[in-house]
Amino acid sequence: MRAVDHGPPDHPDAVCMLSVSVDPAHRAAGHAERLLTEVRTRAAEQSPRGVIIPVRPTRKPRYPLIPIEEYAAWRHPDGRCFDPWLRTHLELGARRMGIAHQSLVIRQPVSRWEEFLGHPLPGPGDYPLPGGLVPLRVADDGHGTYAEPNVWVHHPADAP
């Protein structure tokens, strides 16, 4: 907020990766881990607070009705994090900072959502959204809002 109000600092103390993506054809090949490791290494040289990343959990679209707090807390029997992308961050030494319930908000007239979905949304309520982490919420005012959550993590500069 200070950067918006007063301009960016002369010497930033953290790096923030707002979007980290790997083409689906190249996933599960270790590219994401290599990218995160490289960014952490470079950040450690000039950013004493490390790297901060809003993580969009990759398996959350399969469970859109589960609150993000519950989903992020799910573990396999061996104690490892259930979500593969969040697990990658945690196993590389990141710690969870918190949940942003509205990290991405898209509000459009219902007609635009109907065009996108290819079917009518006949009244107010929650509707499944393909690939969405949460349902689309249609209100009485003729608009639908998709408010996507994410999990913010911090990779400390001194992490291995």
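Up top you'll find the structure we're talking about.
**Some points on the nonpolar core**
For soluble globular proteins, nonpolar side chains are generally found buried alongside one another. Met 17, Ile 53, Leu 86 and Val 153 are the most contacted members of the largest nonpolar core, which has 18 residues in total. Elements that contribute at least two residues to this core include exactly α2 (31-46), β2 (51-55), α3 (68-73), α4 (84-91) and β6 (143-155). The element that contributes the greatest number of residues to this core is α2, accounting for four residues. Setting aside chain neighbours within four positions, we find Val 153 in contact with Val 51, Ile 52, Ile 53, Val 55, Leu 86, His 89, Ala 94, Arg 95, Arg 96 and Met 97.

**Concerning the pairing of β2**
With five of five residues buried, β2 is to be regarded as a mostly interior element. Judged by which residues are buried, β2 turns out to be covered on both faces: Val 51, Ile 53 and Val 55 on one side and Ile 52 and Pro 54 on the other are all buried. Here two bridges tie strand β1 (residues 15-16) to β2, and the two strands are oriented parallel to one another. Paired with Val 15 across the bridge in β2 is Val 51. Chirality of the crossover, the property in question, places the unit of β1, α2 and β2 among those that are right-handed. The sheet contact formed by β2 and β6 spans five bridges and is antiparallel.

So, how was this worked out
Residues numbered from 1 in each chain as written. Predicted model: local features only at pLDDT ≥ 70, side-chain atom pairs only at ≥ 80, totals over all residues. Heavy atoms only, no water. Core = buried A, V, L, I, M, F, W, Y, C linked by side-chain atoms within 4.5 Å. Buried < 20%, exposed > 50% of the residue type's maximum accessible area, 1.4 Å probe, protein only. Helix = DSSP H or I, 4+ residues; strand = E, 2+ residues; numbered from the N terminus. Contact = heavy atoms within 4.5 Å. Pairing = 2+ DSSP bridges. Right-handed = clockwise from strand over helix to strand, strands pointing away.

The values are spatial; any link to function lies outside them.
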